[in-house]
Every structure is written in structure tokens, then in C-alpha cells.
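Single-letter residue listing:
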Amino acid sequence: MAAPAPAHGSEAALAAALADVPELARLLEIDPYLKPFAQDFQRRYKRFNQTLENIGENEGGIDKFSRGYESFGVHRCADGGLYCKEWAPGAEGVFLTGDFNDWNPFSYPYKKLEYGKWELYIPPKQDKSVILHGSKLKVVIRSKSGEILYRISPWAKYVAREGDNVNYDWIHWDPEHTYKFKHSRPKKPRGLRIYESHVGISSHEGKVASYKHFTHNILPRIKDLGYNCIQLMAIMEHAYYASFGYQITSFFAASSRYGTPEELKELVDTAHSMGIIVLLDMVHSHASKNSEDGLNMFDGTDSCYFHSGPRGNHDLWDSRLFAYSSWEVLRFLLSNIRWWLEEYGFDGFRFDGVTSMLYHHHGMGQGFSGDYHEYFGLQVDEDALIYLMLANHLVHMLYPDSITIAEDVSGMPALCCPISQGGCGFDYRLAMAIPDKWIKLLKEFKDEDWNMGDIVHTLINRRYLEKCIAYAESHDQALVGDKTLAFWLMDAEMYTNMSVLTPFTPVIDRGIQLHKMIRLITHALGGEGYLNFMGNEFGHPEWLDFPRKGNNESYHYARRQFHLTDDDLLRYKFLNNFDREMNQLEERCGWLSAPQAYVSEKHEANKVIAFERADLLFIFNFHPTKSYTDYRVGTKSLGKYPFCCQTLHSKLCSIQMRQNTEDTRDWTTVQISFLRLSNIMGFPILSWCTFQAEWPSSFRMWICPNEEPGFQLRQGKMCVLFSCSCCHIVYNVEALQNVVPSQNVRYQKLKIGLCK
């Protein structure tokens, strides 16, 4: 008689879990509060392992299993014939029709195989394929009720909509000359700086932009701004443009509204030539309800790729939900992942809607408090969780440097831990609470009521050793009904007061400075990666709204106005320059790849936040009316700071620090971080050196408040990082003794103060 199972949470159960999951002990060492849930990790890992073993026994391994696109769909054989294969378990009959047979629906029947599969071989004619490149096709399904249905193959590699047609057509894509990749994949960056992009809105013109346009016009901008990763949205084909690419109809087809598959390959290859990795926005959380040009009702039943009944519908998104435990659904989704890696050269994925996948309630009407019981138990959809483990296993098996990011708002523990620890295997999760916090502050609170502790808590509230992508705003915050951060800050004045020929107004002055400070503190404190949505780096005005009936099919808000930052007479260029220098500084100093910051001050009365990370000390003064002199900040290291500093770029600001020329001490390099808001006089900060500073008593810092802020970047270990008020009057000097102040330029003198 078998021994009774050990009680949940008992020592015996814990020992059994530790024995089954190779590195579970490491996870529990990091977070001992997960010990009561060791059996959950054990069960998940064993299910993952068992599925992997079943794939090995029945399919020859996950490597072969994930190559479904090589046999399913329509393929040209070596002899010029065509091999066709589909999975339609609910069909009574399957046929192929199209231009090649004058749309005779029944002249080419498929042969029925086991497990709901159907196959067809079409011999060549005069050693040539019967179906020509660019011709139209349809799969014809005879349902069990006798209904005749015209469908697009789920494995179709190219679909397009012609003219005013409502539905997409399946186009046989088999060009004589395919694009040949010229450049190897870049190495995985140590610090991930992501430029979230949408090809279709990348032009300032009121139209759908192309892959070619993005390749030749946007990629150079991304490179110049210092981003090392692009996240491409809305690439998998979606019939409804206004869905932002989240209602997928053809999973293996690159969207034809931007161009051809070969042009997308050129885009990815060109990015690789610039040292930029490219991630795909992967939507496996749900699918469009379209049936004529989507997966829904493919074989005439409401199941096939999806759960039957209510479980197969997402009520909020009005879409279908995959049956992740189905063998052929696993083949389809895992093959889809491999297709985008192999065929198009993508370097990884941002998985959309992970929260919806992880829970049977899909996150609807749920508030996650952080109680661990919310992440375990019957509310968790372990079929979907096991699929995500398999997906991460496959991605990192094929390309170890690939990157996977989870869009999860729930905070599920171990989501970004290795599978060997019982985790899900993602590399990063999105820090989705951060943009919500900034929008909430701007919407609901006055500047003087901002809570420094609350800001810091939101920025650092992440699981230890589970990496996060921080962002101040993404596409979500820019959609119609909301506004970009810049528009929340400056609103209608962006239409009239962004010219350098007009005086600063308090709104524009405050808006520009807060825009920089919000992005910088998010970049430096919020995570192990950083994300920016295209155009927001220069304070793109207004919002996003795709053409639809509600706006008379207008493209006015479905575009990115990059020409604003190219205009030297507009202030957008200063935000753009700040973003570039911020990324370049991170590249040099590497704070994203450094351990989480140590926050030494969050002073509510002074509205000051100070923290150290990557041997840098950051100080932010968020007070709307107070400036500080001789401000003292504690640092972890003591000693004497040598000094070396030069003027900033003349077009950014004119701040210079110098020593007494009679001082004979040895001076070397020191790093300085400096932040100002509006008319607040900021404070100098000395950081990362292993000694405390002892400055000559005659040392002073001079500040011209009439210059635009920015960074100084130079070789070695010196940098200046700050934000200040400006009138855009360029006043650059090589040495303070050479300054000849004009009547319009005021200088203030500050004494440096440091704590001992």
C-alpha cells in the first residue's frame, strides 16, 4: 500500500520538491516566503518536464516539433510539386482552391490522416509548380453539418487586402529570389535600452508608413539616440489596423500593409548592422474572432485551436483564447515562435497579455495585493503557464542570447527566474506600475503634494533578482482617451510656446524640466532595462488614435511628427538631445546592469531624492519653489575626491567648475550628477569614488540659468548630469576667469557642501 502524500508545506513535501526541481533551493534561499508553495513549483516543473518528454517520445524532440511550418501549409517540393497539410479535426472534408484551378472548390481534395490532420500532394506540370508565386488560395472546409466554408490556412505566410475588400486574401508567397541576411545577430546588451516602435505610424505624413521608410529614416534616429534594442509592434498580421496589432488574424504572416516579407527582413538585418537587436511583440495570449480571414471556426467548430464554450472567449477583449494543453496548438504556437526567430532573424520577444494567460480570471476585476496566495491555486491556468515555460525553453535553446519579456501586471513570483528553479524562464518583466504612477501624479496631485517615498517605492518595488524593464510611458499611455507625459505637463501651450523665439512660460519651463527628471529617475532607479515609445523621447504632443469610423478614418493622430525635433527653432530638440545623452551616459556607466540602487534620501519636506547606483550618486530636487545651497548627502565611501571637469556642450548649458589655480594638490577624475527643476538652484553631487571629498576652500561652482540643460560626456570617468531652467541663450566659456557677463545673463555662486 502506498504511503500517504505528505501534507502541504510539511518538511517531507519540501524535501520532495527540492529533489524534483534542480535549483529550487536557490529560489527559496532568495525568497523564503515561497517555501509553503514549494509543491506548486514542483508540480509545474514536473508537468513541464513531462510535456517535454512526451514531445521527445512522440515527435522526436522539441527541435523537430517546433518546425511545423516546414510541413503544414503549402510547400514547394524538390520536384516542383506542392505538399499541403492542415489540422482540421472538426472537418468532414478539406479541399484546396484558388487561381490555379479557377476556384473550383472540390477538384483538389485532401486525404484524411490520424489526429485530425489532412494532406494533399499536387504534382508539377512540366516540372513547374501548379501554384504560382503571388496567386490567391483558399482552404475549403466541409463541416460536419454540411456547410461549405472558405478559410485561410493558419500557416499562411502572406496575406493581403485588395482595394475596398473587407477580408484579407491568402497570397502564395514563393519568390524566386528571397532576401539573404548579410549581418550576424548582435551580442546581448549588458543594459537593455528599448525603443518601442510601430512601423505604420513612423511617418509624419497621414498614411501607413512602410518597412522601407522605417529602415531608411527611423533606424538611423534610433541608433543616434543610443538605443540598442527595438521592440516592433503590430507585425503579425491583423485585419483591424486600429487594434494596434493585438487582434491577430494570421500568425505566420508579416503585415502586408507595410510591405513585403523581404522588406521586413531587410529592416531587421539593417538594425543588426547597427548593433541593434530586434524584438517582436508576440501575441499568443488571444486571437481575433475573425473566421473568414482568421483562426476562429477554422474547421467549422468553435474549438479547434481554442477552448470550446465560455472558456474560449475573452469577454473584455472580444477575442478567442487558445487551448494551451492541446498537442497541435502547442505545435502551432511553438512553431510560430521559431518561425519569427529563424525566418526573420528576430532576437526575442515581448510576450503580450501574460497576466491574462496566467490566470483563469485573466486579471479582469482583480487587484493584486502581493499576497502570495493570489499566485498559486486553482485560479492559475497551469496549461498556459506550462506553455510559457516551453516557449522560453525553446527560445533560449535555439538562441541563448535571445531575450524574452513578459507583460505581466500581477507580479507573479519566479516569472523571471530560470526554469531549473521552478520559474517561468523570462528574462525581464515590464514594470507596469511605474507609468501608471507618473500619470496619476500628473492627473491628481499638485507638484508640492508629490510624495517622495511613494515615488521611490514604486520605482524600486520589484522582486529581487527578477529583472524589470522600467518606462515612464509606453504606447498604452498615448492612446486616445489619454495623453503623452509631455501633453499632460504642457497641454495646449505646446501648440504656441515651444518656439525658441518666444519667452519661456512657467508651464513650458516646468514641463520640460519635469519631463527630463521623470525619464531620468525612471531610467536610473526603475529597473534593469529601459523602454521608450517612439516619439516620446522629444515630448511628442497629443495622443495616438488610429483611423476608424469614430474619427472619419483620419490618420492625423496615427503618425509620429519627427520633423518637430529636426526644427532648430523648436524646443523639442532639447528633449531629444537630453534623451540621447542620457542613453550614452548609461552606456558608459552601466547602471542598468548594476545591482539595484541604494536610496539614501527621500526627504518629503525638501522634495529631494538621492540614491547611488553603478558608482554614481543621483540627486533629484522635485521641490517647486525651494533651492538649496550647501546641501549635504551621505555616501557609502569616505576619503579625498580628486577633481576634473570641463564645460558642457555649448548648446546644452554653460556650467563650469574649476579649482583654485594656486592649489598644488593632485587632481584626477570625479563623477558629478546635477539636477535642477525650473528656477531651483541645484546642488553639486560627488559620487562613486571610494573616498570622501575634501575641496579647496576657494572652490566654487558657477551656474548660468539661461542655458538649456544636458550632459557632458567625455572619456574617462567624468560626467555631469543635470537639468535646469533655460532661456536658450548660448553662453559657453573655456574658463570662468574668461567670463564677461552680459547685461542679460546672471550668475550665481554656490559653495559646495558635503557631509562627513
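Rules of the game
Residues numbered from 1 in each chain as written. Predicted model: local features only at pLDDT ≥ 70, side-chain atom pairs only at ≥ 80, totals over all residues. Heavy atoms only, no water. Helix = DSSP H or I, 4+ residues; strand = E, 2+ residues; numbered from the N terminus. Contact = heavy atoms within 4.5 Å. Patch = residues over 30% accessible without salt bridge, like charges linked within 9 Å, V, L, I, M, F, W, Y side chains within 5 Å. Areas by Shrake-Rupley, 256 points an atom, 1.4 Å probe, with all protein chains shown as cover. Salt bridge = Lys/Arg side-chain N within 4 Å of Asp/Glu carboxyl O. Expected span 1.5 Å × (residues − 1). Bend = angle between axes of the 7 residues up to and from the residue. Buried < 20%, exposed > 50% of the residue type's maximum accessible area, 1.4 Å probe, protein only. Core = buried A, V, L, I, M, F, W, Y, C linked by side-chain atoms within 4.5 Å. Pairing = 2+ DSSP bridges. Phe/Tyr/Trp six-rings, centres within 6.5 Å; stacked < 30°, edge-to-face > 60°. Axes fitted to C-alpha atoms, helices over the stretch in contact; angles between N-to-C directions.

1. A look at the overall build of the protein
- Helix and strand counts for the protein come out as 16 helices and 31 strands.
- A sequence separation of at least 24 residues applies to 72% of the contacts in the protein between residues at least 6 apart.

2. Details of a nonpolar patch on the surface
- Among the surface-exposed residues, Phe-106, Ile-148 and Tyr-150 lie close enough to one another that they form a single nonpolar patch of about 250 Å² accessible area.
- Summarising the element assignment, Tyr-150 is placed in strand E7 (residues 148–151).

3. Observations regarding helix H5 (residues 211–225)
- The first and last C-alpha atoms of H5 sit 20 Å apart over 15 residues, in line with the 21 Å expected at 1.5 Å per residue.
- Ile-218 marks the point of greatest bend in H5, at about 40°, and the proline Pro-220 comes within the next four residues.
- Among the residues making up H5, those that are buried are Tyr-211, Phe-214, Thr-215, Ile-218, Leu-219, Ile-222 and Leu-225.
- Against strand E10 (192–198), strand E11 (229–233), strand E13 (250–254), helix H6 (261–273) and helix H16 (572–589) lie the buried residues of H5.
- Downstream of H5 by a residue or two, Gly-226 has a phi angle that is positive, lying close to 90°.

4. Considerations on the nonpolar core
- Grouped together as the largest cluster of nonpolar side chains are 185 residues, with contacts concentrated most on Tyr-305, Trp-340, Tyr-387 and Trp-438.
- At eleven residues, helix H9 (residues 382–398) tops the list of elements feeding residues into this core.
- Those residues in contact with Tyr-387, other than ones at most four positions away along the chain, are His-284, Tyr-324, Leu-330, Leu-333, Leu-334, Ile-337, Phe-351 and Met-357.
- Counting residues in hydrophobic clusters, the runner-up holds 13 residues, among them Leu-279, Ile-403, Leu-430 and Tyr-471.

5. So, the environment of Asn-49
- By the element assignment, Asn-49 lies in helix H3 (residues 38–59).
- Sequence separation between Asn-49 and Leu-390 is 341 residues, and the spatial gap between their C-alpha atoms is 9.2 Å.

6. Description of the sheet that holds strand E5 (residues 117–122)
- If you trace the four strands from one edge of the open sheet to the other, you get E1-E2-E5-E4, paired in antiparallel fashion. Only two strands of the sheet have a single partner each, and these edge strands are strand E1 (73–76) and strand E4 (111–112).
- One ladder, built from four bridges, connects E1 with strand E2 (residues 82–87); its direction is antiparallel. The partner of Val-74 across the bridge, within E2, is Cys-84.

7. Regarding the packing of aromatic side chains
- Following the criterion strictly, the structure yields 46 aromatic pairs and no others.
- Both rings, one in Trp-87 and one in Tyr-305, keep their centres 5.2 Å apart while their planes meet at 85°; by these two values the pair is edge-to-face. Of the two residues, Trp-87 sits in strand E2 while Tyr-305 sits in the loop between strand E14 (277–282) and strand E15 (313–314), which places them 218 residues apart along the sequence. The pair formed by Trp-87 and Tyr-305 is uniform in burial state, with each residue classed as buried.
- For the pair Phe-368 and Tyr-375, a centre-to-centre distance of 6.3 Å together with 5° between the ring planes defines the contact as stacked.
- Using a relative accessible area of 23% as the deciding quantity, one classes Phe-368 as partly exposed.

8. Observations concerning the pattern of salt bridges
- Scanning the entire structure with this criterion turns up 47 salt bridges.
- A salt bridge links Asp-454 to Lys-437; the shortest N-O distance between them is 2.6 Å. Of this pair, Asp-454 sits in helix H11 (residues 452–460) while Lys-437 sits in helix H10 (residues 433–444), and the two are 17 residues apart along the sequence.
- With a relative accessible area of 16%, Lys-437 lands in the buried category.
- The closest approach of N and O atoms between Arg-613 and Glu-528, which form a salt bridge, is 3.9 Å. Here Arg-613 is found in strand E23 (residues 608–613), whereas its partner Glu-528 is found in the loop between helix H14 (506–525) and strand E21 (529–533), with 85 residues between them in sequence.
- Here Arg-613 falls in the buried class, since its relative accessible area comes to 2%.
- One connected set of salt bridges, linked through shared partners, spans Asp-31, Asp-408, Arg-429, Arg-463 and Glu-466.

9. Considerations on the sheet that holds strand E18 (residues 403–406)
- Here we have eight strands rolled up into a closed barrel, ordered E10-E11-E14-E17-E18-E19-E20-E21, and parallel in their pairing. Here the average twist between neighbouring strands, direction ignored, is 30°.
- Pairing geometry for E10 and E21, over five bridges, is parallel. Note that in E21 the partner of Tyr-195 across the bridge is Asn-532.

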